[in-house]
Amino acid sequence: MNASPRSEHSRDTAKTQVEEIQAEFDKIMYHISHDLGGSTRAISDIPQWIIEDLADANIVLPEEINNHLRLLIRHSNRLEHMMQGFLDYSRVGRYQGVVSLDPSEVLVWILKNSAYPASWDIIADVSPCTLHISKYDLTSLFNALISNAIKHSDQDHGRLEISSHIENGFVK
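Every value quoted in this text rests on a predicted model; they were computed, and no experiment measured them.

Engineer: Account for the nonpolar core, naming residues and giving values.
Structural biologist: Of all hydrophobic cores here, the largest spans 14 residues; its most connected members are Ile122, Phe142, Ile146 and Ile162. Elements with a minimum of two residues in this core: α3 (103-113), β2 (120-125), α4 (135-151) and β4 (158-163). The element that contributes the greatest number of residues to this core is α4, accounting for 4 residues. Aside from chain neighbours lying at most four places away, what touches isoleucine 146 is Leu107, Leu111, Tyr116, Ile122, Leu160 and Ile162.

Engineer: Could you give an account of the side chain of serine 140, with specific residues and numbers?
Structural biologist: The residue serine 140 is located in helix α4 in this model. Taking the relative accessible area as the measure of exposure, serine 140 reaches 19% and is therefore buried. At a separation of 2.8 Å, a polar atom in the side chain of serine 140 contacts the main-chain carbonyl oxygen of tyrosine 136.

Engineer: Before we move on, can you summarise the environment of glycine 169 with the specific residues and values?
Structural biologist: Looking at where glycine 169 falls in the secondary structure, it is placed in the loop between β5 (166-167) and β6 (170-171). Judged by its relative accessible area of 68%, glycine 169 falls in the exposed class. Along the backbone, glycine 169 and glutamine 155 are 14 residues apart, and their C-alpha atoms lie at a distance of 36 Å.

Engineer: So what about the layout of surface pockets? Which residues, and what values?
Structural biologist: Its volume calculated, the largest pocket comes out at about 160 Å³. Lining of the largest pocket is provided by Pro103, Val126, Leu131, Leu138, Leu141, Phe142, Leu145, Ile162, Ser163, Ser164 and Val171. Elements supplying a minimum of two residues to the lining of the largest pocket: α4 and β4. Looking at the lining of the largest pocket element by element, the count peaks at 4 residues for α4. By residue class, the composition of the lining of the largest pocket is 9 nonpolar, 2 polar and no charged.

Engineer: Hey, could you go over α4 for me, with residue numbers and the actual values?
Structural biologist: For α4, with 17 residues, the first-to-last C-alpha span of 24 Å sits near the 24 Å given by 1.5 Å per residue. Buried within α4 are the following residues: Asp137, Leu138, Thr139, Ser140, Phe142, Ala144, Ile146 and Ile150. For α4, the secondary structure elements touched by its buried residues are β1 (98-101), α3, β2, β3 (131-134) and β4.

Engineer: An account of the pattern of salt bridges is requested, with residue identities and associated values reported.
Structural biologist: Two side chains with opposite charge may pair up if their charged atoms get near one another. By the definition in use, this model includes 3 salt bridges. Here glutamate 80 and arginine 41 are joined by a salt bridge, their closest N and O atoms 3.5 Å apart. Here glutamate 80 is found in helix α2 (residues 63-90), whereas its partner arginine 41 is found in helix α1 (residues 5-56), with 39 residues between them in sequence. Residue classification places arginine 41 among the partly exposed positions, given a relative accessible area of 40%. Here glutamate 167 and lysine 172 are joined by a salt bridge, their closest N and O atoms 3.3 Å apart. The class for glutamate 167 is partly exposed, based on a relative accessible area of 33%. The exposure class assigned to lysine 172 is exposed, which follows from its relative accessible area of 53%.

Procedures and definitions
- Residues numbered from 1 in each chain as written.
- Predicted model: local features only at pLDDT ≥ 70, side-chain atom pairs only at ≥ 80, totals over all residues.
- Heavy atoms only, no water.
- Core = buried A, V, L, I, M, F, W, Y, C linked by side-chain atoms within 4.5 Å.
- Buried < 20%, exposed > 50% of the residue type's maximum accessible area, 1.4 Å probe, protein only.
- Helix = DSSP H or I, 4+ residues; strand = E, 2+ residues; numbered from the N terminus.
- Contact = heavy atoms within 4.5 Å.
- Polar contact = N/O pair within 3.5 Å; in protein donor to acceptor, adjacent residues only side chain to side chain.
- 1 Å grid on protein atoms, 1.4 Å probe; cavity = no way out; pocket = protein on both sides within 12 Å on 5 of 7 lines; lining within 4 Å.
- Points joined across faces, edges and corners; volume = space filled by probe spheres on them.
- Nonpolar A, V, L, I, M, F, W, Y, C, P; charged D, E, K, R; others polar.
- Expected span 1.5 Å × (residues − 1).
- Salt bridge = Lys/Arg side-chain N within 4 Å of Asp/Glu carboxyl O.

Shape is all these values report; function is a separate question.
This is how it looks when you write it as structure tokens:
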């Protein structure tokens, strides 16, 4: 049975609207990343310049002030990494080439072929199933989730558990 001209027109209209929304989203993300990126780099660079200039002038800062400047640098770097992770995550779903994949197999492959810190135990307990998604998107999603969990932790070691199960036909 063929779709009616009305349903094809509705589908085409919806597709056009989605493409327009996606283009607007891309434009907003570009401006956010561009505007905030420069500011976060400045927040990181300026304290470093102050530390260097004072050292060149043979001025020794009290340890507490030095620690505060280093803390500012560290947190601004975390913010910059967080923004990059957000941008990477926002790009998931933009690529074509949808295939049938088992996320448990993809995750095992990622953990085998990626260089995550040895101080982190990453445990995968993902139920085997079939997802219809591009391999790029699924690997990007897993990589973003893992690296963000590690990068934004306040610890330099830990245990990260990635699990899923099937419930009522959905992966949770």
